[in-house]
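Each chain is listed here by its residues.
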Amino acid sequence: MDRWLGIGGFVIGVVGLVLTIHYARKAEQLNLAKKRLDWADLQNAANDLGRQIRKDFPPSAIVTPGLAGATFANLLAAELQNQPPVFVGTRTWREDPHEPVKSDGSFYFTTTKWIVTIPKAVLTYKDGNILIVDDFVMSGDFLAKLRERLIESGVPADRIRAASVAVTRVACKNHKAPEYYHRQM
């Protein structure tokens, strides 16, 4: 009898392990699908956010940290009536062996992960509304640092807002989320 109980316990343990692995993989696939965005999602986000921003905060200029944000920033700018200029910066991974390109025409700052360079030309719009746009806001550090630099450069805080396609719960919890976002992950 003890032998059969031992065999039964072993079989149940193996089946439990197999089911745990199966459902963990299935949950991981669902999480990846939830985080993946396609072109239609970007267009929908630009349309929805464009409608809100047109009503609440028509920007004079848009600034974004790099090419990924620039793609969405251009889609968003097309949804706005005045189609403001989009200023595209560069971001370099802090651990990258290459030095970031620094010029007199840009200001730069660092976050925990990036060295970000932003064109100073965006400051010619400091009397208007400046919209910071990025594709994904993970921690919100970039947004906080850029807001800080824009304010230090004379842009009134109430004339700066931010938008993104997606934001994490971490950024929201830390009060570093953009005012406008399409999806929370």
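From a predicted model like this one, the values you see are computed outputs, not experimental measurements.

> How do you make sense of the pattern of salt bridges when you look at a structure like this?
Pairing between side chains of opposite charge can happen when the charged atoms of each approach one another. If you walk through the whole model with that rule in mind, you get six salt bridges. Here R183 ties to D41 by a salt bridge, and the two come within 4.0 Å at their closest N and O atoms. Highlighted residues: R183 in strand β8 (residues 180-184) and D41 in helix α2 (residues 39-56), separated in sequence by 142 residues. A salt bridge links K176 to D141, with the shortest nitrogen-to-oxygen separation between them at 2.7 Å. One end of the pair, K176, is in the loop between α5 (169-173) and β8; the other, D141, is in helix α4 (residues 141-152), and 35 residues separate them in sequence. Owing to a relative accessible area of 17%, D141 belongs among the buried residues under this scheme.

> Is there a simple way to explain the nonpolar core in this structure?
Considering soluble globular proteins, one finds that nonpolar side chains tend to be buried as a cluster. Counting residues in hydrophobic clusters, the biggest one holds 21 residues, and the most contacted among them are V63, I118, V122, I132, L146 and L150. Looking at this core, the elements that each hand over two or more residues are β1 (61-64), β4 (106-110), β5 (114-119), β6 (130-137), α4 and β7 (160-167). Looking at which element gives the most residues to this core, the answer is α4, with four residues. Non-local contacts of V63, meaning those with residues more than four positions away in its chain, are made with F87, I118, V122, I130, L131, I132, V133 and L146. Residues F72, L75, L131 and V165 belong to the second largest nonpolar core, which totals 18 residues.

> In this structure, what is going on with the pairing of β1? I would like to understand it.
For a regular strand, the rule is simple: side chains alternate between the two faces of the sheet. Residues A61 and V63 point to one face of β1 and I62 and T64 to the other, with burial holding for every one of them. Pairing of β1 with strand β2 (residues 86-88), which is carried by three bridges, proceeds in the parallel orientation. Each residue of the ladder has a partner; that of T64, found in β2, is V88. Chirality of the crossover, the property in question, places the unit of β1, helix α3 (residues 67-79) and β2 among those that are right-handed.

Basis of the calculations
- Residues numbered from 1 in each chain as written.
- Predicted model: local features only at pLDDT ≥ 70, side-chain atom pairs only at ≥ 80, totals over all residues.
- Heavy atoms only, no water.
- Salt bridge = Lys/Arg side-chain N within 4 Å of Asp/Glu carboxyl O.
- Helix = DSSP H or I, 4+ residues; strand = E, 2+ residues; numbered from the N terminus.
- Buried < 20%, exposed > 50% of the residue type's maximum accessible area, 1.4 Å probe, protein only.
- Core = buried A, V, L, I, M, F, W, Y, C linked by side-chain atoms within 4.5 Å.
- Contact = heavy atoms within 4.5 Å.
- Pairing = 2+ DSSP bridges.
- Right-handed = clockwise from strand over helix to strand, strands pointing away.

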